[in-house]
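Residue-level listing of the chains:
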Amino acid sequence: MAHALHIVVCAGVVPDPLQTLEPVTGPNGPGLKNEMVLPAVLDPWAACALYEAAHLATAVPGSKVWLVSLGPKAKLQQVMMTAGQKVSFELVPIDGPIGGFSDAHSTAAALAEAIALLPGLEREHLLLFGGWESATRGAGITLQLVGERLGITEQFQGVDQIAMRDDGSFEVLERVEGGKHQVSVCAGTPAVLGWATGNLPEPRNNPQIGMQNMRAIMPALQKAKPVTLAANGLRYAALSLPKQQRETRLEKNLSPDEIAQELVDWMTAE
Amino acid sequence: METILVLTHVDDSGAALTRASLEAVTAGLDLSRQIGSPLAIGILGRDAAAAASAVAATGARLLAVSGESFAQARYATDAAACEALCRAALASIVLAPSSARFSRIAAGVAHRLGGFIDTHITDTHVAAAGAIEATRWFYRQRIEAVITRATRPWFLLLDASTHAAFAGEPAAAQVEPVAVTLPAIRTTVEGFRAPMRGTQTILPDARLLFVAGAGWTKKQPDGQVHLTEASEQILSFLHLSGASLGSSKSLADQKADGGGDQPVLPFLTHLNQIGQTGSTPRHPKGLSTCCHGEEPHAVGWRFIAERRAISLDANCGWTRGKADVVYVADAFQVMARVNALLAARTP
């Protein structure tokens, strides 16, 4: 049987995807209009990573899941009211700025520092999970940088599946070009896994898990360490919304035959 | 004075550069000309020297890391190789394609060199003040930004299909081999697995993206769902047209009744999903059926040049202003006729 796993999930909070976003430039740099009042959710890819982590922890007895998240305390609390009802974890909040315009290198440094200081974390049994991208910056680099800072050189991105083996090794499926998965076998932990969507459905809200999580989440939020994120020479020369608006031709009265012919002509035209 | 390095890698053949790598070479040449800086090209692969002939016409300095250890994509070996290439080139600006292989390692390499990285770059140019600026999207293609960095080395990962692939005449190349100190290898690459059995439905180079929405699984006018017919129609269309298949999240999420984790349409997986948590494919044309087809549900549409949609909802706000043509019709009926027309054209 594989050794108990210590799974750390890095997850950000992002504006609800259905919200309209408008960029603004303030005294602290770029941001979103009314950013603090936009409803927020756990980043969708990171949420997949969290569900996979909880599933894996259940399958390997003695395993534990931490959720490390950087954001304003108020936003983290709002998001945890929902995320905390899904699966069991210990929250490690970092009180920092929200939004996708901060530098990923600074975010990675803050996350790595928090993970390195986790009491009881056994680095040799660490699986560092997160989303392979995010719905904010979407850079897809934060997790790799955290891994490098923690000295982890087995890294996988676009992961859809992990299968643990009895000897502690594990098989990983990573997305590659052309709708395929690359199949790799890693000799064992520690490793970094940036998750794509995985294969698990979103767990239903479980009020019992929620109450259990919240007992630790609220004190953790009160003790969240504040951080400021350096720009590292990054400067925004311009921010804009896509302006392209198309003149849509609405065809209500064509028969299926006429539509089909028009479509085939269009598809086959150079 | 900047020194530009373009990192490239070989394709599955092991001896030819990927298309995305050749696009990065074009971007490197453009930038090199704009700022008057020397260009180097680093090549990674089993037989990198053989692949170098394709870019010999650039006149760039050519560096290569070759060997069996680099035949397959793996973090430990690829990161060590790219680190060695960057150090050999003394690069201050590093361009690389956003391939799965380089997306996995580029941030780690930048960190090892004390540098910084920005990804999903769609354009690079030189501003009036002489600074190199890069364009990229934020919030899943909903906000576009122009960024610059004062720190070096600066890694820029270029999105696919944003530049033309370099197409110079192959020529004999002077390649400088670069030695790599291999780290302990704890990961074995066993190969590739296609989740779709039988038909390959994701074709990045296809001229047309066909997007299937959840409407295919809804009750039809006869009060019944027609999943088998939907599957047949979609697969027939893909076969006859050579299109790539995209899906809305709502359809990819649906599971077959009593089928456990089986998707409702058996050939569909989350790999097909486009939009907020899916891919953002780039194709010249896109046809959306039974779905909204636009952001935020299928934000991938942004990189489709010509867009048409078939929808029963004439008032769908997601298609207005986003699609070029919206046909208000039943996709089952239309696609059956499209398939018949395409079949008649097939010799």
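Rules and cut-offs
Residues numbered from 1 in each chain as written. Chains lettered and ligands numbered in written order. Predicted model: local features only at pLDDT ≥ 70, side-chain atom pairs only at ≥ 80, totals over all residues. Helix = DSSP H or I, 4+ residues; strand = E, 2+ residues; numbered from the N terminus. Contact = placed C-beta atoms within 7 Å. Buried ≥ 20, exposed ≤ 12 C-beta atoms within 10 Å, placed from the backbone. Pairing = 2+ DSSP bridges. Axes fitted to C-alpha atoms, helices over the stretch in contact; angles between N-to-C directions. Expected span 1.5 Å × (residues − 1). Left-handed = near helix turned anticlockwise from the far one by under 90°. Nonpolar A, V, L, I, M, F, W, Y, C, P; charged D, E, K, R; others polar. Core = buried A, V, L, I, M, F, W, Y, C linked by C-beta atoms within 7 Å. Domains from an automatic or database assignment.

Caption draft 1: Representation of the overall build of chain A. Scanning chain A for helices and strands turns up 6 helices and 15 strands. In chain A, 78% of the contacts between residues at least 6 apart in sequence involve partners at least 24 apart.

Caption draft 2: Focus on unusual backbone geometry. Cis geometry marks the peptide bond from A:Thr189 to A:Pro190; its omega dihedral reads 0°. Relative to the helices and strands, A:Pro190 resides in the loop between β11 (180-186) and β12 (191-195). A cis geometry characterises the amide bond from B:Arg152 onward to B:Pro153, with omega recorded as -5°. The phi dihedral of B:His120 is positive, around 55°, even though this residue is not glycine. Assignment of secondary structure puts B:His120 in strand β5 (residues 116-126). Classification of B:His120 by C-beta neighbours within 10 Å gives buried; the count is 23. Despite not being glycine, B:Gln141 shows a phi value in the positive range, around 65°.

Caption draft 3: Layout of the sheet that holds strand β6 (residues 132-138) of chain B. Read across the sheet, 10 strands follow the order β14(A)-β7(B)-β6(B)-β5(B)-β8(B)-β4(B)-β1(B)-β2(B)-β3(B)-β9(B) without closing on themselves; strand pairing throughout is mixed. Every interior strand has two partners, whereas the edge strands, β14 (234-240) of chain A together with β9 (175-177) of chain B, have only one. Pairs of neighbouring strands in the sheet enclose a mean axial angle of 35°, with direction left out of account. Across 5 bridges, strand β4 (residues 93-97) of chain B lies against strand β8 (residues 154-158) of chain B in parallel orientation. By the bridge assignment, B:Val94 is partnered in β8(B) with B:Phe155. The strands that helix α1 (residues 19-35) of chain B touches are β1 (4-9), β2 (39-45), β4, β5, β6 and β8 of chain B; relative to β1(B), the one it contacts most, it runs at about 170°.

Caption draft 4: Expanded view of the interface of chain B and chain A. Facing the 76 residues of chain B at the interface are 68 residues of chain A. Both β14(A) and strand β7 (residues 143-149) of chain B contribute to a ladder of 6 bridges, which runs antiparallel. From the neighbouring strand, A:Ala238 faces β7(B), where its bridge partner is B:Val146.

Caption draft 5: Just helix α3 (residues 75-89) of chain B, in detail. The end-to-end C-alpha separation of α3(B) is 21 Å, in line with the 21 Å expected for 15 residues at 1.5 Å each. Within α3(B), 12 of the 15 residues are buried, leaving the element largely enclosed by the surrounding structure. Listing the buried residues of α3(B) in full gives B:Tyr75, B:Thr77, B:Asp78, B:Ala79, B:Ala80, B:Ala81, B:Cys82, B:Glu83, B:Leu85, B:Cys86, B:Ala88 and B:Ala89. Tucked inside the fold, the buried residues of α3(B) contact β9 (155-164) of chain A together with β1, β2, β3 (61-66), β4 and α4 (100-112) of chain B. Directly beyond the C-terminal end of α3(B), a positive phi value near 50° is found at B:Leu90.

Caption draft 6: How the structure looks around the sheet that holds strand β1 (residues 6-10) of chain A. The strand order across the open sheet built from 10 strands is β13(A)-β7(A)-β6(A)-β1(A)-β8(A)-β12(A)-β9(A)-β10(A)-β11(A)-β10(B), with neighbouring strands paired in mixed fashion. At either end of the open sheet lies a strand with only one pairing partner, and these are β13 (225-226) of chain A together with β10 (187-193) of chain B. Note that β9(A) and strand β10 (residues 170-176) of chain A share 5 bridges and pair antiparallel. Bridge assignment links A:Val159 to a residue of β10(A), and that residue is A:Glu174. Sheet contacts for helix α2 (residues 73-83) of chain A: β6 (64-71) and β7 (90-95) of chain A; angle to β7(A), the most-contacted strand, approximately 155°. Here helix α3 (residues 104-116) of chain A sits on the sheet and contacts β1, β6 and β7 of chain A; the angle it forms with β6(A), its principal contact strand, is near 145°.

Caption draft 7: Molecular detail of the packing of helix α5 (residues 227-241) of chain B against helix α7 (residues 331-345) of chain B. Residues and elements named next belong to chain B. The contact between α5 and α7 brings their axes to 10 Å, and the two run at 35°. Between α5 and α7 lies a crossing of left-handed hand. On the side of α5, the interface is formed by Glu229, Gln233, Ser236, Phe237, Leu240 and Ser241, while α7 contributes Phe332, Met335, Ala336, Val338, Asn339, Leu342 and Ala343. Residue composition of the contact of α5 with α7, by class: 8 nonpolar, 4 polar and 1 charged.

Caption draft 8: Geometry of helix α1 (residues 44-59) of chain A. Taking 1.5 Å per residue as the helical rise, α1(A) with its 16 residues ought to reach 22 Å, and the 23 Å between its terminal C-alpha atoms agrees with that figure. Burial analysis of α1(A) places 13 of its 16 residues in the buried class, which makes it a mostly covered element.

Caption draft 9: Layout of the nonpolar core. Membership of the largest hydrophobic core comes to 144 residues, with the highest contact counts inside it found for A:Val9, A:Leu50 and B:Leu85. With 11 residues, α1(A) is the largest single contributor of residues to this core. Those residues in contact with A:Val9, other than ones at most four positions away along the chain, are A:Ala46, A:Ala49, A:Leu50, A:Ala53, A:Val65, A:Trp66, A:Leu67, A:Val68, A:Phe129 and A:Gly130. Counting residues in hydrophobic clusters, the runner-up holds 43 residues, among them B:Phe303, B:Ile310, B:Ala331 and B:Met335.

Caption draft 10: Summary view of the domain arrangement of chain B. All names here are of chain B. Considered domain by domain, chain B is made up of domain 1 (4-177) and domain 2 (208-345). Placing the centre of domain 1 and that of domain 2 at their C-alpha centroids yields a distance of 35 Å. The interface is formed by 5 residues belonging to domain 1 together with 6 residues belonging to domain 2. Considering only residue class, the side of domain 1 that touches domain 2 consists of 1 nonpolar, 2 polar and 2 charged.

Caption draft 11: Seen up close, the pairing of strand β8 (residues 126-131) of chain A. All names here are of chain A. Counting buried positions along β8 gives 6 out of 6 residues, so the element sits mostly inside the fold. Where β1 and β8 come together, 5 bridges link them in parallel fashion. Paired with His6 across the strands is Leu126, a residue of β8. Alignment of β8 against β12, held across 5 bridges, turns out to be parallel. Within β12, the residue paired with Leu127 across the bridge is Ala191.

Caption draft 12: Examining the environment of A:Ser240 more closely. All names here are of chain A. If you trace the backbone, Ser240 turns up in strand β14. Residue classification places Ser240 among the exposed residues on the basis of 10 C-beta atoms within 10 Å. Taking the C-alpha atoms as reference points, Ser240 and Glu22, separated by 218 residues in sequence, lie 8.3 Å from one another.

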